[in-house]
Amino acid sequence: MAAAGDGPWLDDAAGRLVRPFTVSGGRTKPSVALDLMSQVMATGATPLGYLGPEHATALHLTRAPVSVAEIAAHLKLPAAVTKVLLSDLLDCGALTTKPPEYHHIPTDRALLEAVLDGLRRQL
């Protein structure tokens, strides 16, 4: 029996019915370098050619800026596969991207302390 909203792609007992690498056509490397925290957003341009259901879902999710990691979670796909799908959409002009805000200072002490405080509260 399929999970609600997942159509024929997921089965409660068997899990994902289509292997992740088939979603990306067997490709494992994106054509564009993407960080998990990179923000992507739809441009409004209509992609030419065939889009798989995962491409269409990813495009729908990017009406507002969203991170690559969030899209992977919504698609229930590995990040590497999601990056390939997103790079397809970037290549055809349907998406735009920008690096994460912390990109220039990845070890900002205030940010790291805030993360540590949050983790301590969870334990």
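As recorded by an unreviewed UniProt entry, the protein chain carries the name DUF742 domain-containing protein and is attributed to Streptomyces asoensis.

A. Focus on the nonpolar core. Ranked by size, the top nonpolar core spans 16 residues in total, and within it Val 40, Ala 58, Ile 71, Leu 75, Leu 86, Leu 89 and Leu 95 carry the most contacts. Counting only elements with at least two residues in this core, the list comes to helix H2 (53-61), helix H3 (68-75) and helix H4 (79-91). Sort the elements by how many residues they give to this core and H4 lands first, with five residues. Sequence-distant contacts of Leu 89, that is, excluding residues within four places in its chain, are made with Leu 51, His 55, Ala 58, Leu 59, Ala 94 and Leu 95.

B. Structural context of a nonpolar patch on the surface. Together, Leu 111, Val 115 and Leu 119 give the surface a local cluster of nonpolar side chains, amounting to about 260 Å² of exposed area. Mapped onto the elements, Val 115 comes out in helix H5 (residues 109-122). Looking at Val 115, the relative accessible area reads 46%, which means it is partly exposed.

C. Molecular detail of the pattern of salt bridges. Counted under the stated rule, the structure contains one salt bridge. When the shortest N-O distance is used, the salt bridge between Glu 113 and Arg 109 registers 2.9 Å. Pair noted here: Glu 113 and Arg 109 are both in helix H5, with a separation of four residues, about one helical turn. The exposure class assigned to Glu 113 is partly exposed, which follows from its relative accessible area of 38%. Judged by relative accessible area, Arg 109 falls into the exposed class, the value being 64%.

Quick notes on the rules
Residues numbered from 1 in each chain as written. Predicted model: local features only at pLDDT ≥ 70, side-chain atom pairs only at ≥ 80, totals over all residues. Heavy atoms only, no water. Core = buried A, V, L, I, M, F, W, Y, C linked by side-chain atoms within 4.5 Å. Buried < 20%, exposed > 50% of the residue type's maximum accessible area, 1.4 Å probe, protein only. Helix = DSSP H or I, 4+ residues; strand = E, 2+ residues; numbered from the N terminus. Contact = heavy atoms within 4.5 Å. Patch = residues over 30% accessible without salt bridge, like charges linked within 9 Å, V, L, I, M, F, W, Y side chains within 5 Å. Areas by Shrake-Rupley, 256 points an atom, 1.4 Å probe, with all protein chains shown as cover. Salt bridge = Lys/Arg side-chain N within 4 Å of Asp/Glu carboxyl O.

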